[in-house]
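Survey of secondary and tertiary structure
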Amino acid sequence: MAELNIGDQVTAIYKTGKYIGEITERRPQHYLVRVLAVAKHPMQGDLHNPKDAGVGFFHERKALSFREQANIPEKMVKPFEGEIPDYLDSLKEATSKLRAELEGDDSAWAQQSLRNLESLEKDYFK
């Protein structure tokens, strides 16, 4: 894969979310990426016990904010071609997609995730 440079537009996977942004700094085995849009909203719950509602603490996972920067491993950063969508529009689309996936699942994890997402949407879109 070709080396990416500062200013390049990229997709980046951070925890369970996927973002579109730009590289602002190179670090050893990582890129610092400034978030400009949300491609996939993070899953809810415990990262170490995915899709399990019976965990000690069920995490509410927010999407990274507009222009927030994250240190992301090189292998999780890929070039992005195309027009970067508006952050708020992309967040609405990402939460809608996650909601549709969760509504098709009647598990306890999906139901708790829907409650978390509802709370997040109140915060995101106030």
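The present account deals with the structure reproduced in this document. In this text the structure is predicted, and so the values were computed from the model without any measurement.

Calculation criteria
Residues numbered from 1 in each chain as written. Predicted model: local features only at pLDDT ≥ 70, side-chain atom pairs only at ≥ 80, totals over all residues. Heavy atoms only, no water. Helix = DSSP H or I, 4+ residues; strand = E, 2+ residues; numbered from the N terminus. Expected span 1.5 Å × (residues − 1). Buried < 20%, exposed > 50% of the residue type's maximum accessible area, 1.4 Å probe, protein only. Contact = heavy atoms within 4.5 Å. Pairing = 2+ DSSP bridges. Axes fitted to C-alpha atoms, helices over the stretch in contact; angles between N-to-C directions. Core = buried A, V, L, I, M, F, W, Y, C linked by side-chain atoms within 4.5 Å. Salt bridge = Lys/Arg side-chain N within 4 Å of Asp/Glu carboxyl O. Arc of directions from axis to C-beta. Polar contact = N/O pair within 3.5 Å; in protein donor to acceptor, adjacent residues only side chain to side chain. Lys, Arg positive; Asp, Glu negative; His and termini not counted.

**Let's talk about helix α2 (residues 108–124)**
Taking 1.5 Å as the rise per residue, α2 with 17 residues should run 24 Å; its terminal C-alpha atoms sit 24 Å apart, in good agreement. For α2, the set of buried residues is Trp109, Ala110, Ser113, Leu114, Asn116, Leu117, Leu120, Glu121 and Tyr124. Looking at the buried side of α2, the elements it contacts are α1 (87–103).

**Here's the deal with the sheet that holds strand β3 (residues 30–40)**
Read from one edge to the other, the open sheet built from five strands follows the order β4-β3-β2-β1-β5, with strand pairing classed as antiparallel. For this open sheet the edge positions go to β4 (69–73) and β5 (77–79), each flanked by a neighbour on one side alone. Neighbour-to-neighbour, the strand axes of this sheet turn through a mean angle of 45°, independent of strand direction. Alignment of strand β1 (residues 9–14) against strand β2 (residues 17–27), held across six bridges, turns out to be antiparallel.

**Some words on the nonpolar core**
The biggest cluster of nonpolar side chains holds 19 residues, and the ones touching the most others in it are Ile23, Val33, Val38, Ala63 and Val77. Residue assignment for this core shows that the elements contributing at least two residues are β1, β2, β3, β4, α1 and α2. Ala63 has contacts with Tyr19, Val38, His41, Pro42, Tyr87, Leu91 and Tyr124, leaving out every residue within four places of it along the chain. In this structure, Val55, Phe58, Leu102 and Trp109 belong to the second largest nonpolar core, which totals eight residues.

**Concerning the pattern of salt bridges**
Using the criterion set out here, one finds 10 salt bridges in the structure. Across the pair Arg99 and Glu103 runs a salt bridge, and its minimum N-O distance is 3.7 Å. On the criterion of helical spacing, the pair formed by Arg99 and Glu103 is a turn pair, its members being four residues apart in helix α1. Connected via shared salt-bridge partners are Glu3, Arg26 and Glu74.

**Looking at α1**
With 17 residues, α1 extends 24 Å between its outermost C-alpha atoms, agreeing within 8% with the 24 Å of an ideal straight helix rising 1.5 Å per residue. Turning to α1, its buried residues are Tyr87, Ser90, Leu91, Ala94, Thr95, Leu98 and Leu102. What you see down the axis of α1 is that its buried residues fit within an arc of 130°, all on one side. Its side-chain oxygen at 3.1 Å from the backbone nitrogen of Leu88, Asp86 defines the N-terminal cap of α1.

**Observations regarding the side chain of Asp46**
Relative to the helices and strands, Asp46 resides in the loop between β3 and β4. Buried within the structure, Asp46 lacks any salt-bridge partner; Arg61 is the closest side chain of opposite charge, at an N-O distance of 5.2 Å. Within the structure, Asp46 has its side chain in polar contact with the backbone nitrogen of His48 (distance 2.8 Å). Setting aside residues up to four positions removed in sequence, Asp46 forms contacts with Val55, Phe57, His59 and Arg61.

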